[in-house]
Amino acid sequence: GRMSVRTPLPKRKAGVPGIGPGAQIRRTQRHLYPGGGTRMKKPLLEIRGAVKTFQVGRAEVKALKGVDLAVYRGETVAIVGESGSGKTTLANLVLGIEKPTAGEIMLSGRTLPPKRTKADRRHIGLVQQNPYSTLNPRKSIGQAIGLPLSVHRLCRRSERRERIGALLEKVG
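Residues numbered from 1 in each chain as written. Predicted model: local features only at pLDDT ≥ 70, side-chain atom pairs only at ≥ 80, totals over all residues. Heavy atoms only, no water.

Any chance you could explain the pattern of salt bridges here in plain terms?
A side chain of one charge can pair with a side chain of the opposite charge when the charged atoms of the two come close. Inspection of every chain in the model, using the stated rule, returns four salt bridges. The partner of arginine 48 in a salt bridge is glutamate 104, and the shortest N-O contact between them spans 3.3 Å. With arginine 48 in strand β2 (residues 45-56) and glutamate 104 in strand β5 (residues 102-107), this residue pair connects regions lying 56 residues apart in the sequence. In this structure, glutamate 98 engages lysine 52 in a salt bridge whose closest nitrogen and oxygen atoms are separated by 3.5 Å. Placement of glutamate 98 in the loop between α1 (87-95) and β5 and of lysine 52 in strand β2 is noted, with a sequence separation of 46 residues between them. Under the relative-accessibility criterion, glutamate 98 is labelled partly exposed at 27%. What makes lysine 52 buried here is its relative accessible area of 9%. Within this structure, Glu46, Arg48 and Glu104 form a network of salt bridges that share partners. (Salt bridge = Lys/Arg side-chain N within 4 Å of Asp/Glu carboxyl O. Helix = DSSP H or I, 4+ residues; strand = E, 2+ residues; numbered from the N terminus. Buried < 20%, exposed > 50% of the residue type's maximum accessible area, 1.4 Å probe, protein only.)

Even after reading the chapter, I still don't get the confidence of the model for the protein, so can you show me in this structure?
The predicted coordinates should not be examined in detail at positions where pLDDT is low. In this model, the protein carries a mean pLDDT of 78, and residues with pLDDT of at least 70 account for 73%. Here helix α3 (residues 131-134) stands out as the element of the protein with the lowest mean pLDDT, 64, in contrast to β5, whose mean of 95 is the highest. When the criterion is pLDDT under 50, residues 1-15 qualifies, and its contacts beyond four places in sequence or with other chains add up to 25 contacts. This model gives residues 31-36 a pLDDT under 50, and the stretch forms 17 contacts once residues within four places in sequence are excluded. (pLDDT = per-residue confidence, 0-100. Contact = heavy atoms within 4.5 Å.)

Would you mind showing me how to read the nonpolar core here?
One finds Ile47 and Ile105 to be the most contacted residues of the largest nonpolar core, which totals 15 residues. With four residues, the top contributor of residues to this core is strand β3 (residues 59-71). Not counting residues within four places of it along the chain, the set of residues in contact with isoleucine 47 comprises Val67, Asp68, Leu69, Leu90, Val94, Glu104 and Ile105. (Core = buried A, V, L, I, M, F, W, Y, C linked by side-chain atoms within 4.5 Å.)

Please explain a positive patch on the surface as it appears in this structure.
A cluster of basic residues, Lys115, Lys118, Arg121, Arg122 and Arg153, forms a positive patch at the surface. Its location among the elements puts arginine 122 in helix α2 (residues 118-123). Judged by its relative accessible area of 45%, arginine 122 falls in the partly exposed class. (Patch = residues over 30% accessible without salt bridge, like charges linked within 9 Å, V, L, I, M, F, W, Y side chains within 5 Å. Areas by Shrake-Rupley, 256 points an atom, 1.4 Å probe, with all protein chains shown as cover. Lys, Arg positive; Asp, Glu negative; His and termini not counted. Charge placed at Lys NZ, Arg CZ, Asp CG, Glu CD.)

How should the packing of aromatic side chains be read in this particular structure?
By convention here, two paired aromatic rings are described through the distance between centres and the angle between planes. Enumeration over the complete set of coordinates arrives at zero aromatic pairs. Over the face of the ring belonging to phenylalanine 54 we find lysine 52, whose NZ or CZ atom lies 5.2 Å from the ring centre. (Phe/Tyr/Trp six-rings, centres within 6.5 Å; stacked < 30°, edge-to-face > 60°. Lys NZ or Arg CZ within 6 Å of the ring centre and 35° of its normal.)

Is there a simple way to explain the packing of helix α4 (residues 141-151) against helix α5 (residues 157-171) in this structure?
Packed helices, taken two at a time, are described by the angle between their axes plus the distance between the axes. α5 packs onto α4 with a crossing angle of 115 degrees between their chain directions and a minimal axis gap of 10 Å. In terms of orientation, α4 and α5 fall into the roughly perpendicular class. Note that α4 runs across α5; the crossing there is right-handed. Facing α4, whose interface residues are Ile141, Gly142, Ile145, Gly146, Leu149 and Ser150, α5 presents Arg160, Arg163, Ile164, Leu167 and Leu168. Residue composition of the contact of α4 with α5, by class: six nonpolar, three polar and two charged. (Axes fitted to C-alpha atoms, helices over the stretch in contact; angles between N-to-C directions. Parallel < 35°, antiparallel > 145°, perpendicular 65-115°, else oblique. Left-handed = near helix turned anticlockwise from the far one by under 90°. Nonpolar A, V, L, I, M, F, W, Y, C, P; charged D, E, K, R; others polar.)

Help me understand the side chain of arginine 160, please; the structure alone is not making it clear to me.
Looking at the element boundaries, arginine 160 is found in helix α5. Look at arginine 160: it is buried, it has no salt bridge, and the nearest opposite charge is glutamate 159 at 8.7 Å. If we ignore the near neighbours within four places in the chain, the residues touching arginine 160 are Gly146, Leu149, Ser150 and Cys155.

Looking at this structure, how should I read the environment of leucine 147?
Checked against the element boundaries, leucine 147 lands in helix α4. Taking C-alpha positions, leucine 147 is 9.8 Å from arginine 160, a pair spaced 13 residues apart along the chain.

Next comes the structure, spelled out in C-alpha cells:
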C-alpha cells in the first residue's frame, strides 16, 4: 500500500519563474511507497508556458510571463507571494475565469478549453488565503461542505449528512 506524507517541503528560495518577485510554491511530498521511493506519473494538473497580458490604458502589463507548474495526484500545492505577484491571475487561468494570452493548462493530460465544462469544474477548486472571504460565518462547516455536494449532485439528499460526516472525519 501507499501512504501520503503531509510534511511540507522547505519553501523555494527564488521566485517562481514567470510569476512576480517573491512568489513561491510550497508543496507536500508526493505519495511515498514502501521502500521510500516515489512513483512519478503524469501530472494531474499541468501549466505550460502560461502568459497573461492585460491592457491598461495604452500600457501592456504582463502579469504572468511563461509559468510552468505540474501538480501530481496526492500532492498539495500552495502558491504564496506578495500582493500583485500574479497568484490570483494564475488561479483565474486554471479556473477558466481568465483566458491565457499564451500557453496551455492541462487536466489529466487533456488541454482544457477556455470555458470549463461542468465536469472540469468538479475537479478544480480554489482555496482563498483569507477564510473570511471564503467561509460564510452564517453557515456551519457542514452546510459549506454540503453546498458542492448539492450543486454537483455528488450524492442523494438523503445521503448528504452521512457524506459530510465522512469528509469531516477524513480531515480530522
